[in-house]
Every structure is written in C-alpha cells, then in structure tokens.
Protein chains: 2
Amino acid sequence: MTRWEPNARGRLGLAALELYSERGYDQTTVAEIAKRAGLTERTFFRYFADKREVLFQGSDILQNRLVQGIENAAPTLSPIDAVGAALEAAACPMEEVRDFALRRQAIVAANPELQERELIKLAALAAALADALRRRGVPDPAASLAAEAGIAVFKVAFLRWAAQDGDSVRQTLDQLIRQSLAELKGVTAGN
Amino acid sequence: MTRWEPNARGRLGLAALELYSERGYDQTTVAEIAKRAGLTERTFFRYFADKREVLFQGSDILQNRLVQGIENAAPTLSPIDAVGAALEAAACPMEEVRDFALRRQAIVAANPELQERELIKLAALAAALADALRRRGVPDPAASLAAEAGIAVFKVAFLRWAAQDGDSVRQTLDQLIRQSLAELKGVTAGN
C-alpha cells in the first residue's frame, strides 16, 4: 500500500534540516524527521538510505547539471573554461535556495561524519567532470587536472558565498565562481 | 608496566598492511594485527585510535614536511611554485617506500570507509598548506586556491605514479608532481 505523498522528498529534507539545527544531528532520529514531515519512517527509507543521505539529495542534481554544462559548453572553450561555464550554470539555481544551502552547510561543518560524506560527494563530482571532459576529447592528465581545479574553485567560491554578511551587498555564487577561477588563473600564472 | 618495543609503530603498520592484503580490511581485527606484529592489543591502542588510523600514520609526517617546505621555499617563489616546491620535497622520501605506498593505496581504494578518511586527510593537508601560505603573507583567496590546486596536482601525480608498470622506465613521484603542475599551468592558461 504505497500512498503518494506530494513532495515527500523535499518535506523530509526540510524537516531534517530543522531538527538538525534545533537539536543537533546526533540527537535526531529518522522517526522524528518523518513525524515532523507528517510522513512515516517507511516513507523516509523509500527515499533515503540513512539520516546522512537526506542532506545530500542535491548532489545528484548538481552532478547532472555539471555534466550537462560540459556537454553544452561551446566547442571552442578550453577545458578549464568549459568547467567554469558548467560550474556557473550549475550555481545559478542555488541562489534561490541560499538560506537552505547555508543552514545545511553549518550542519555539515559541525559534524565530521557529514564532512566526510561531503568530501566523497565532491570527489564524485570531480570524477564526473573529468569523464565529461574526456568525452569531449580532452586527454588525461588535462581532464583530471581541469576537473580537480574546477572543484577547488567551487569549494573556495562556496565558502566566500557563505561567509558574506546577509545585509551587505551580496555577490551571487556564479559571480564568485567566475572571480575565483580568474584568481586561480592568476595564481597558476605566478602572479 | 610499559615495556619499550623497538619500532612498534612501524611493525604494527606492516602487520596491518599484510593482513588487510591477505584477508581484507573488514575481516581483520586489531587483536590479529597485534599478534602478527608480536605485540599486545594494548600496545596497538597506545599508538592508534582504531584500525583505520594505522593506515594513516604517514599523513602527519607528510603534513609537517609540506609546511616546512613552504617555510623553506625561496621568498621570490610565487605561491603556487612554493606549493610545488613543498610537494616535490615531501614526495622525495616516498620513493623509498613505493611498494608500501602502493599496497596501502590498493587497500584504501577498495574500501569506501578508508577512502573517506583519505579525503579528510587530504583536506587537512590543503588547510595546512593554505595556513602556511598565509604566514608567508599570501592573502586569501590566493592562499586557498594555491593550496587546493596543489593538492589536486598531488592527487593526479600520485595516481600516475601508482599506475606505472613495475618494469617500464619509471618516473619518480617528484618528477610527476613537477610535470603535473606544469600541465595544470597549461590547462589554466587555456592551452
């Protein structure tokens, strides 16, 4: 008997985020998350393997966007600029969910187990970017290096985005990615 | 009653590596590692928190070497070249323990739990490099970007080093680091 629950995935994600912020990640159970979302534990496990995964539902979407971004990049773009274009395109929709992303980030930063999962996901993003570049005809090690450099840019840009004060004039994540990539180019050019 | 055991740390590391290769990581207990090393379980826990950590005893040494490498780098070197010099200096002694490093790598690659720990250690190395650059007067985001780019170079170079056939003419890890950094510079210059 599977009842369809409208947007169960999103409701579970929001409920988990609220509870992890209020009580801490370790102190929250799957049963409590399901209850807060008005759903059953069974429904939770239909969507997520465990209470860690509920915080990482965005990473598949991000990976698909990045791969698509590489596929859509103009053929004349260099590998690193194709990566930059893909990162910028993937970052744009994140502006809409900035508050969610920053609350999530604070929870992940406070918990070593979640940090580990985050790093695994970033490593998977780098691998997916490198694969997409190879399909574009970029040989190794250039494909791996451009992908890893792109993820480094993403990490640094994300932290700058998160560190911005709520009231000051704010730069969007895609602006910060463009800027950080330009700075990486400066850094590797020895400037 | 603490009896001094000559090179207990090294003996435990070698015993763990042997057993993880023979039986698999999951199937090996701390008691078995201690026994193979001719030591007690109690001695094991004097050196390592758990059976994961025994595979990561090199990472503190590596981190110290990297930080020292940045401190010793000529003041005229750009941030990325200081990172490159530190990586090369840290890589040199690894040539002596190549077989150990490759067997260890195979065990880590086969186990998601160990991969996570590896990624945490690499993130810690990046943070230590960035701190050392800041002490050199490099501002952010250049410090973070140069550090992250350096770790990307190290990862790619290490995989190339590990993938080389035993019999073919072999490049050393520090040569591959120099080469990979040059290639990263080419990639970010849009070549």
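Since the structure is predicted, the reported quantities are computational estimates derived from the model, not experimental observations.

Definitions and cut-offs
Residues numbered from 1 in each chain as written. Chains lettered and ligands numbered in written order. Predicted model: local features only at pLDDT ≥ 70, side-chain atom pairs only at ≥ 80, totals over all residues. Helix = DSSP H or I, 4+ residues; strand = E, 2+ residues; numbered from the N terminus. Buried ≥ 20, exposed ≤ 12 C-beta atoms within 10 Å, placed from the backbone. Contact = placed C-beta atoms within 7 Å. Least-squares fit on C-alpha atoms with pLDDT ≥ 70 in both. Nonpolar A, V, L, I, M, F, W, Y, C, P; charged D, E, K, R; others polar. Expected span 1.5 Å × (residues − 1). Axes fitted to C-alpha atoms, helices over the stretch in contact; angles between N-to-C directions. Parallel < 35°, antiparallel > 145°, perpendicular 65-115°, else oblique. Left-handed = near helix turned anticlockwise from the far one by under 90°. Domains from an automatic or database assignment. Core = buried A, V, L, I, M, F, W, Y, C linked by C-beta atoms within 7 Å. pLDDT = per-residue confidence, 0-100.

Here's the deal with the overall build of chain A
- Check the secondary structure of chain A and you find nine helices and zero strands.
- Listing the helices and strands of chain A from first to last along the sequence gives α-α-α-α-α-α-α-α-α.
- Here chain A, with 191 residues, has 36% of them falling under the buried criterion.
- Intrachain contacts of chain A at a sequence separation of at least 6 include 61% that bridge at least 24 residues.

Quick look at the relation of the copies chain B and chain A
- Rotating chain B by 180° about the axis while translating it 0.0 Å along that axis superimposes it on chain A, leaving an RMSD of 0.0 Å. The superposition operator between the copies reduces to a two-fold rotation axis.

Examining the interface of chain B and chain A
- Taken together, the contacts link 28 residues of chain B with 28 residues of chain A.
- Residue assignment for the side of chain B that touches chain A shows that the elements contributing at least two residues are helix 5 (79-91), helix 7 (112-135), helix 8 (142-163) and helix 9 (173-188) of chain B.
- Here the element with the most residues in the side of chain B that touches chain A is helix 8 of chain B; it accounts for 10 residues.
- Taken together, the residues of the side of chain B that touches chain A sort by class into 15 nonpolar, six polar and seven charged.

Regarding helix 5 (residues 79-91) of chain A
- With 13 residues, helix 5 of chain A should cover 18 Å at 1.5 Å per step; its first-to-last C-alpha distance of 18 Å lies within 8% of that length.
- Looking only at helix 5 of chain A, the buried set comprises P79, I80, A82, V83, G84, A86, L87, A90 and A91 of chain A.
- Those residues of helix 5 of chain A that are buried are in contact with helix 4 (58-72), helix 7 (112-135), helix 8 (142-163) and helix 9 (173-188) of chain A together with helix 9 of chain B.

Re the packing of helix 1 (residues 8-23) of chain A against helix 6 (residues 98-109) of chain A
Residues and elements named next belong to chain A.
- Direction vectors running N to C along helix 1 and helix 6 enclose 50°, while the axes themselves pass 10 Å from each other. Considering the angle they form, helix 1 stands oblique to helix 6. Here helix 1 runs over helix 6; the crossing is left-handed. Along its contact with helix 1, which presents L17, Y20 and S21, the element helix 6 presents F100, R103, R104 and I107.
- Among the residues forming the contact of helix 1 with helix 6, the class breakdown is four nonpolar, one polar and two charged.

Points about the domain arrangement of chain A
Residues and elements named next belong to chain A.
- Split into domains, chain A comes out as domain 1 (8-49) and domain 2 (57-188).
- Each of domain 1 and domain 2 has a C-alpha centre, and the two are 27 Å apart.
- At the junction of the two partners, domain 1 supplies six residues and domain 2 supplies seven residues.
- For the side of domain 1 that touches domain 2, the per-class residue count stands at three nonpolar, two polar and one charged.

Comments concerning unusual backbone geometry
- Cis rather than trans, the peptide bond between D140 of chain A and P141 of chain A has omega equal to 5°.
- Inspection of the secondary structure assignment puts P141 of chain A in the loop between helix 7 and helix 8.

Topic: the nonpolar core
- Of all hydrophobic cores here, the largest spans 74 residues; its most connected members are A146 and A149 of chain A together with A146 and A149 of chain B.
- Apart from the residues within four sequence positions on either side, A146 of chain B is in contact with V187 of chain A together with P79, I80, V83, L133 and V138 of chain B.

Description of the environment of V67 of chain A
Residue and element names in this part refer to chain A.
- In this structure, V67 sits in helix 4.
- The partly exposed category is assigned to V67, around which 18 C-beta atoms lie within 10 Å.
- C-alpha separation for the pair V67 and L133, spaced 66 residues apart in sequence, amounts to 8.8 Å.
- Once residues within four sequence positions are removed from consideration, V67 is found in contact with A128 and A132.

Remarks on the confidence of the model for chain A
Residue and element names in this part refer to chain A.
- Overall, the predicted model of chain A reaches an average pLDDT of 91, with 95% of residues at or above 70.
- When pLDDT is averaged over each helix and strand of chain A, the minimum, 90, is found for helix 6 and the maximum, 97, for helix 2 (residues 30-36).
- Per the prediction output, this complex has pTM 0.86; the corresponding ipTM is 0.80.

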